[in-house]
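Descriptive analysis of the structure
This is what each chain is made of:
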Amino acid sequence: YVPQKAMLFSGTIDSNIKYGKEDADVNEVLAALDCAQATEFVSELPNGVESSIAQGGSNVSGGQKQRLAIARALVKKAPVYIFDDSFSALDFKTDAKLRRALTKYTENAVVLIVAQRVSVKQTFAIRFATCVQISDFQIGFNFLLMQFFSNHDQDLLSYMKRSDCNFILRSI
C-alpha cells in the first residue's frame, strides 16, 4: 500500500527501499527504483542509493518522495498493490512512464490505482491475474480505475462474466 502522503525514514535511499523487503539484493532495489522512475534522480545524487534521506524525506521533492515510496512497495513483489493517489506529485510524463512500467513489473499481481487526474481516471487500473471474487465491496474512493492485461481484454472480460466471479466495478 502506498498512500498519497509518502513517508520516508532517516537513513539512505537503500535502507528506505529495504523497509519493503529487508533482504532485497542490489538488483531488486535497482529494479524497483527503475520501475518507480526513480533511477535517474537517484543516479544523479553523489552517493546514489547510499545517499542520505532526512526524516520524513524533507531533503527530496514531493515527486521524488512518492517515487521512493512506490519503489519500497514494489521491491516486496506483493500479490496485491494499492496506490492511493500516490502519483499525485508526479508530472504527467513521469506518471505515464511509471504506469507503463508497472504493467510489466506487476504482471502477476492485482493492482489498484486510485487517482483524481482526469487523464488517469479514464484508464482502468485494476488488473486481475486470476479470477478475484469481490462481494459486498464498497469503494470509499472517488474512482475505481482498471487496466486489463494488454492484448487479453476479451479473454479477461469473458472470464469476469463467469457466474462464479462477481465483480462490482465502477468508473466515473
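Before reading further, recall that the structure is shown in the block above.
Residues numbered from 1 in each chain as written. Predicted model: local features only at pLDDT ≥ 70, side-chain atom pairs only at ≥ 80, totals over all residues. Heavy atoms only, no water.

1. A look at the overall build of the chain
- For the chain, the count of helices and strands is seven helices and four strands.
- Counting only residues that meet the buried cut, the chain has 44% of its 172 residues in that class.
- Counting only contacts in the chain whose residues sit at least 6 apart along the sequence, the fraction spanning at least 24 positions is 66%.
- A total of about 9,500 Å² of accessible surface is found on the chain, and carbon and sulfur atoms cover 51% of it. (Helix = DSSP H or I, 4+ residues; strand = E, 2+ residues; numbered from the N terminus. Buried < 20%, exposed > 50% of the residue type's maximum accessible area, 1.4 Å probe, protein only. Contact = heavy atoms within 4.5 Å. Areas by Shrake-Rupley, 256 points an atom, 1.4 Å probe, with all protein chains shown as cover.)

2. Quick look at the pattern of salt bridges
- By the definition in use, this model includes three salt bridges.
- For K18, the salt bridge goes to D14, with nearest N and O atoms at 3.3 Å.
- As a salt-bridge pair, K21 and E28 come within 2.5 Å of each other at their nearest N and O atoms.
- A residue is classified by how much of its surface remains accessible, and K21, at 23% relative accessible area, is partly exposed.
- With a relative accessible area of 25%, E28 lands in the partly exposed category. (Salt bridge = Lys/Arg side-chain N within 4 Å of Asp/Glu carboxyl O.)

3. Considering the pairing of strand β4 (residues 110-114)
- In terms of burial, β4 is a largely internal element, five of the five residues being buried.
- Side chains of β4 alternate between two faces, with V110, L112 and V114 and V111 and I113 buried alike.
- In this structure, strand β3 (residues 80-84) lies alongside β4, joined through five bridges in parallel fashion. Counted as the bridge partner of I82 is L112 from β4. (Pairing = 2+ DSSP bridges.)

4. Details of the nonpolar core
- Grouped together as the largest cluster of nonpolar side chains are 35 residues, with contacts concentrated most on L33, L68, L74 and F83.
- Elements represented by at least two residues in this core include exactly α1 (13-17), α2 (26-35), α3 (39-44), α4 (62-74), β3, α5 (92-105) and β4.
- When near neighbours in sequence (up to four residues on either side) are disregarded, F83 contacts V2, I70, L74, L102, V111, L112, I113 and V114. (Core = buried A, V, L, I, M, F, W, Y, C linked by side-chain atoms within 4.5 Å.)

5. Section: the environment of V60
- If you trace the backbone, V60 turns up in the loop between β2 (52-53) and α4.
- Residues V60 and L8 lie 52 residues apart in sequence; the distance between their C-alpha atoms is 9.8 Å.
- Beyond its immediate sequence surroundings of up to four residues, V60 is in contact with L8, I53 and K65.

6. Observations concerning the environment of V29
- Topologically, V29 is positioned in helix α2.
- Put simply, V29 and V49 are 20 residues apart on the chain and 8.8 Å apart in space, counted from C-alpha to C-alpha.
- Beyond its immediate sequence surroundings of up to four residues, V29 is in contact with D14, I17, K18, A24 and V75.

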